[in-house]
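If you want the building blocks of each chain, they are given just below.
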Amino acid sequence: MRQATSSNPGAVFRLVGNAELPEYPVSSSVRLDSHGFIAWEFRRYLNSDMRWNATHEVKGMWFDLAQMSHEQTPVGTLPDDHARLARMLVPFVDLLTFEALVERPYGVLHGWHPCVCDDGTVRLMHNTVTRVVLEALTRKELNAARTDSASARKRLDRLAVALAGVAPSIAMEPAQVYWVDAHIRDAMDREGNKRRTEAQLHGAIQACLEKVASGFFRKSQRE
């Protein structure tokens, strides 16, 4: 059973088992410190119900929190604590005002929902923000592979080749290849093996296909 995230009066209490919450796909150890910019899905936002229905006040706070999530751990998440979120805004917002804005039909935390992180903590994630993070990590990984990490490049290349034979739809999507790679490496860390196993590969493929079916990844431009 979940406990409050802090002793602060703004902490949110829910009787929710962690096993029922989605797992956040980015490790707490991953950072994007070297990135001074992010690629934002602006057309998706411009056509969203949030943009059309929320007040300017709410949209400003929502966007501010979305940007700050890239400085959080894990990257792309927010604390599940209203008092802390209210203090993160600049200028800060008092708790009662913040909670009233949260409760609006298109509120400050519209689209954000609880998730379980790799360290067991419960935080907030937003599917669009998570996709942006995953794509940024994909670019970071590929850039590092081209410049500083031949081994990482070869690993991703080998993975893409392996995926082409069993899951070609994943092999054609860099963000999905990165997600599968991260899933496999997490499994290897847990199980203590230095080379991926067939079970780990197929487990990662199945998990990725479930994410695709749920609409987690943005549609490919090829479609």
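Here is a short report on the structure shown in this document.

The rules behind these values
- Residues numbered from 1 in each chain as written.
- Predicted model: local features only at pLDDT ≥ 70, side-chain atom pairs only at ≥ 80, totals over all residues.
- Heavy atoms only, no water.
- Helix = DSSP H or I, 4+ residues; strand = E, 2+ residues; numbered from the N terminus.
- Buried < 20%, exposed > 50% of the residue type's maximum accessible area, 1.4 Å probe, protein only.
- Axes fitted to C-alpha atoms, helices over the stretch in contact; angles between N-to-C directions.
- Parallel < 35°, antiparallel > 145°, perpendicular 65-115°, else oblique.
- Left-handed = near helix turned anticlockwise from the far one by under 90°.
- Contact = heavy atoms within 4.5 Å.
- Nonpolar A, V, L, I, M, F, W, Y, C, P; charged D, E, K, R; others polar.
- Pairing = 2+ DSSP bridges.

### Section: the environment of Glu173
Thinking step 1. Within the element layout of this structure, Glu173 appears in the loop between helix H8 (168-171) and helix H9 (174-191).
Thinking step 2. On the basis of relative accessible area, Glu173 is assigned to the buried category, the value being 16%.
Thinking step 3. A C-alpha to C-alpha distance of 9.6 Å links Glu173 and Phe217, two positions 44 residues apart in sequence.

### Thoughts on unusual backbone geometry
Thinking step 1. Looking along the chain, the bond that leaves Thr73 and enters Pro74 is cis, with omega of -10 degrees.
Thinking step 2. Relative to the helices and strands, Pro74 is located in the loop between helix H3 (56-68) and strand E1 (78-79).
Thinking step 3. Here Val90 and Pro91 are connected by a cis peptide whose omega angle stands at -5 degrees.

### Focus: the packing of helix H7 (residues 150-166) against helix H10 (residues 198-213)
Thinking step 1. Contact pair H7 / H10: the axes reach a minimum separation of 12 Å and the direction vectors enclose 70 degrees. It follows that H7 is roughly perpendicular to H10 by the angle criterion. As for how H7 packs across H10, the hand of that crossing is right-handed. Contacts between H7 and H10 involve Leu159, Leu163 and Val166 from the first element and Leu201, His202 and Ile205 from the second.
Thinking step 2. Residue composition of the contact of H7 with H10, by class: five nonpolar, one polar and no charged.

### Side note on the sheet that holds strand E3 (residues 122-126)
Thinking step 1. Reading across from one edge, E1-E3-E2 is the order of the three strands in this open sheet, with antiparallel pairing throughout. Two strands close off the open sheet at either side, each with one partner strand: E1 and strand E2 (112-116).
Thinking step 2. Here five bridges tie E2 to E3, and the two strands are oriented antiparallel to one another. In the strand pairing of E3, Cys115 is matched with Arg123.

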